[in-house]
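Analysis of the macromolecular model
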Amino acid sequence: MTTIAMGEMEQLRKEADNLKDQITAARKAMQDTTLQEAAASINVVGRVQLKTRKTLRGHLAKIYAMHWSTDSKLCVSASQDGKLIVWDSITTNKVNAIPLKSSWVMTCAYAPSGNLVACGGLDNMCSIYNLKGKDGNVKVMRELAAHTGYLSCCRFLSDSEIITSSGDCTCVLWDIETGTQKTIFAGHQGDCMSLAVSPDFKFFISGACDFTAKLWDIREGTCRQTFGGHESDINAIGFFPNGNAVITGSDDASCKLYDLRADQELITYQDSSIMCGVTSLAPSLSGRLLLAGYDDFNVNIWDTLKAERVGVLAGHDNRVSCIGVSSDGMACCTGSWDSFLKIWN
Amino acid sequence: MTINTLLVKEGCPQEQMACFRKMEKVIVAMQDPDMGMKMRNQRLLITVIPHAMTGHDIITWLIQKYCISEEEALHLGNLLVKYGYIYPLKEPRSLVLRRDESPYRFQTPYFWTSTQWPATELDYAIYLAKKNIRKQGELMEYEKERYSLLHKRINHTWDFVVMQAREQLRASKQRRKADRIVLECQEQAYWLINRPAPGMPNILDAGLERPNNLRVTLNSDFYKREIEACQRALGRNRVKSSNCLEGFLKHSEQYQNHDPIMQGCLPSNPWISDDAAHWTMNADVVPVPTRLRVERWSFSFMELLSDTMGRKEFMTYLEKEFSAENLCFWQACEEIRHGENSRISEKVNEIYKNFLAPGAARWVNIDSKTMYKTLEGIKRPHRFVMDDAQMHIYFLMKKDSYPRYLKSDLYKNMLAKAIVPQETKKSVFPFMRRQRHSSPSPAQAATQATEEDGRVKEAGQAGANA
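This one's a predicted model, so the numbers in the text were calculated from it and none came from an experiment.

As recorded in UniProt, the feature "domain: RGS" (unreviewed entry) lies at residues 300-415 of chain B. In this annotation, residues 300-415 of chain B is assigned 73% helix and 0% strand; the end-to-end C-alpha distance for the span is 16 Å.

Here it is, written out as C-alpha cells:
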C-alpha cells in the first residue's frame, strides 16, 4: 500500500472510531436506571432444581448439537460419530438414525414443519434431509454448498428457506428448492459461531469470534444493529421470548442481554467463581430463567431479571455442548461431549 | 492407544486461555501471604516437605472467598485439579479433589498449562526414560507401550534421549531429597495432564479443529462501510433502559404461570408421570381448550394468531362482523412468505384476484398509497411483495377487531368453558408404571440384541413377581 493510501485508510479508521465513540455516548445517555433499581419490586426466583427425566443413549462420540422439533417431543442431535439421530424423547426411542457423509458435524436443525432436518460442519456444506420421504427412507434432499468456511449453525425459516452461519465470517439465506444463495449477510470480522431467528421470522441474530452480535433484516439483507462488550468469542445466541432482546454466551464465561430498542447491553450474567466459557444457552418459556451450558460440564440456571444464579444442572461427564428448551417450555435438553443427551425438568 | 497421544502438541487451545487466566488468579490468591490458605507440612517417613494443603482446606478457602456452597466449591476445586494447577500427593493419578485430609500441592508456574510449553515427543521420551532408569518397573503398562512406540518413532535421537535422561537424573541427585521429591511430583503431574492415561479425559481437547481463517481485510472500503453503518446507527431512536427493563419484567410476570419449568404443569408432567394427558389436552385442535391456553390469546395479537384454535375462533368472530376477509388476506400473505419459491407467482395472482382487484369478492380495505405500491410490486412478484399490505391489515385487525374480540361474548364464553385440568395424583405403586425400553443403537444393534432379550426377560420376571 502506498503512503497516501495508508494515510487515507488511517483517516477513515479514525472517523469510524469517532463515530463509534459517539454511539457509545448516545447509548449511555439512555441508561436512566440500573437493573437493581428496575427489578427492585420482585424477588429472586427460589432455587430451581431440575432432575434428569430421561437419558438418550446411543451416540458413540461427542455430541455437538441438538435441536427440538416444534412438537416438543421429537428432537434431533448431531455427533462426531457421523450420525444424526432423531429421538422420541419420551420413550427414548430413535426414530431415525441418519448416517452422514462427513462425521465432522458441528450443527443440526429441525424444520418447524417437522418434515426436514439439516446439518453441517467442517465439510462447509449444509445438508438437508427429508424425514417424510415416500418410501420411508431418509435421504439427502439438498446439499447447500457455497460457504468457504465451516458451518457453525443453521436454522430453518420454513421448508423452503434456511439460514446458515459459517467460519467464513458470513451468514447466508438459502432457497432450499433451488439450492442457491438468496442473500449473503456479511459484516462480521470473525468466524460466525451461532445464529437465532426472531419469533416473527423477520430478523435473525448472529454471534461471532469478533466478540460482537449482529441483528440482520432478512428481507433487506442488512445489518440493523451491532452489539459489543464481550471479551472473547461469542459461542451461543438466542432471543428473549418477546423478541425484544438478544442473549449471548461467550468464552469470557459471561452471558449478556442486549435490548434491541435501547440498542445496548442491559444485563450481564457472570460470577467470579465461574471460569469456563459458555457453549450454549436457552431461555425458559417466560424468559425469567436462562439456562446456559458451560465448558466445566455444568449448566447454570440464571434468574434473568436479577442476574443471579438460581440453580445448577450437574450430570454430564464432559463439556455441555448444546442446550434447548422445547417450544411448549416443558423440558430442557442438554447434549454433551460425553455422548449423552439428558432431558430435564 | 492412538497415535494422537504421541503427536507434537502445539500448546493449549486459544479458546481456553481466558479460562486459564481466571484459574491462575485464583491460584495466586490462594497463595497470598495474608489472605491465602494455611499451608501445612507433608510428612514422608523421615522427610518433611513444606507447602502442602489438605482438600478440606482448599474447599473451606473457596467457600469463604467466593461465598459459594460446598458443592460449588468442590466443583471449582476439582477444576483446578483437573487442569493441573493443584496436584494430589497421595494418589497422583487420580486428579480429583477430595474434601478430606488428602494432601495437595500447587503446581509450579513453569508447568502451568497456559505457558503453552510444547510438550514434544522428545520431552515425553526423556521423562519416560528417566522414570525407567530411576526404578525398574516404575512405568505403568500404558507408559511402557508408549515408551516402546516412541523408541521406534524417534529412534534416530534415542542416544540423545537416554543421555539427557541420565544427565537430568544425575543433576537431581545433587539436590536435597525434599526438593527432588517435589520436582518429581511436579513433573509427573505435568505429564498426567499433557499425556493423559488411556480412558482419562483429555482436558486440552478443544474439539474439532477449526481451520484458521483469513480474517476480513481492513482496507479503505472496509472503513467506508463501517462509517456508513455507524452513521446509520447514530441516527437511530433509542428507548430508555428503564422502559426496556420494565418490559421484560411485565413479560415474565405475564407468562410466569405458563412457564412449566418454573411452575410445573397440569394435569401432570408427562416426563415424570409418563402420562401424555397434558399434550392431548393441548393438541392443535381440541373440543374444549384449557384455560391457560385461552388466557394466552389475550396476551398479544400474535399469540392469538399463532394458535390454530385461536385463529379459528377469531375468524368466527370476524365473520359475524363481516370483516373475515382481513384475516383470510393475512393468512394468504403468510403462505407466500413461508411457502415454496416456485409457487409465489401463482399465489400472488390468487391474492390479487380474491382481495385486491377492483370488485374482488373479498376486497380488503388498504390505503391508496400502499395499494398502489403493492399493485406495482406484483408486476414482479417476490416473497415479500405483500409485506406492506399485510402489515397494514395486520395493524387494522390488531387495533380494531382484536380488542373488541377480547371483550366479546364469544371470547368470554370460551374462557368460561375452558378446562382447568385436575392434578393427577401420583401413582402410589411406582412399579405399576409401564417399563420403557429404548431401542438399541443402530451401530450396536447386533451385539445388543441378545443382551436386550435377556434384560427384557428379567424385567418381565420382576414385573410378574411384584
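With that settled, consider the packing of helix α2 (residues 55-66) of chain B against helix α3 (residues 70-82) of chain B. Residue and element names in this part refer to chain B. In the contact formed by α2 and α3, the axes pass within 9 Å of each other and the chain directions differ by 110°. The orientation of α2 with respect to α3, classified from their angle, is roughly perpendicular. Note that α2 runs across α3; the crossing there is right-handed. Contacts between α2 and α3 pair I59, L62, I63 and Y66 from the former with E70, A73, L74, L76 and G77 from the latter. A breakdown of the residues in the contact of α2 with α3 according to their chemical character gives seven nonpolar, one polar and one charged.

The next thing to look at is the packing of helix α15 (residues 308-320) of chain B against helix α19 (residues 387-407) of chain B. Residues and elements named next belong to chain B. Between α15 and α19, the least distance of the axes is 10 Å, while the angle of their chain directions is 95°. On the basis of their axis angle, the class for α15 and α19 is roughly perpendicular. The residues of α19 that touch α15, namely those facing E313, F314, Y317 and L318, are M397, S401, Y402, R404 and Y405. For the contact of α15 with α19, the residue count by class is six nonpolar, one polar and two charged.

Glancing now at the UniProt feature "repeat: WD" (unreviewed entry) in chain A. All names here are of chain A. When the UniProt feature table is mapped to this numbering, "repeat: WD" (unreviewed entry) covers residues 56-97, 144-184, 185-226, 227-268 and 313-345. Each end of residues 56-97 is marked by a C-alpha atom, and these two atoms are 13 Å apart; helix forms 0% of the span and strand 57%. Secondary structure within residues 227-268 divides into 0% helix and 55% strand; the distance between the first and last C-alpha atoms comes to 13 Å.

Next up on the list: the interface of chain B and chain A. Put simply, an interface is often sized by how much accessible area is lost when its parts join up. Taken together, the contact pairs 87 residues of chain B with 113 residues of chain A. Here chain B and chain A share an interface that buries about 8,500 Å² over both sides, 62% of which is from carbon and sulfur atoms. A per-residue breakdown of the area chain B buries against chain A is headed by L208(B), I261(B) and W271(B), which together make up 11% of the total. On the surface where chain B and chain A come into contact, there are eight salt bridges.

What counts, and where the lines are drawn
Residues numbered from 1 in each chain as written. Chains lettered and ligands numbered in written order. Predicted model: local features only at pLDDT ≥ 70, side-chain atom pairs only at ≥ 80, totals over all residues. Heavy atoms only, no water. UniProt positions renumbered as here; feature names shortened; annotations may be inferred. Helix = DSSP H or I, 4+ residues; strand = E, 2+ residues; numbered from the N terminus. Axes fitted to C-alpha atoms, helices over the stretch in contact; angles between N-to-C directions. Parallel < 35°, antiparallel > 145°, perpendicular 65-115°, else oblique. Left-handed = near helix turned anticlockwise from the far one by under 90°. Contact = heavy atoms within 4.5 Å. Nonpolar A, V, L, I, M, F, W, Y, C, P; charged D, E, K, R; others polar. Buried area = accessible area lost by both parts, 1.4 Å probe. Salt bridge = Lys/Arg side-chain N within 4 Å of Asp/Glu carboxyl O.

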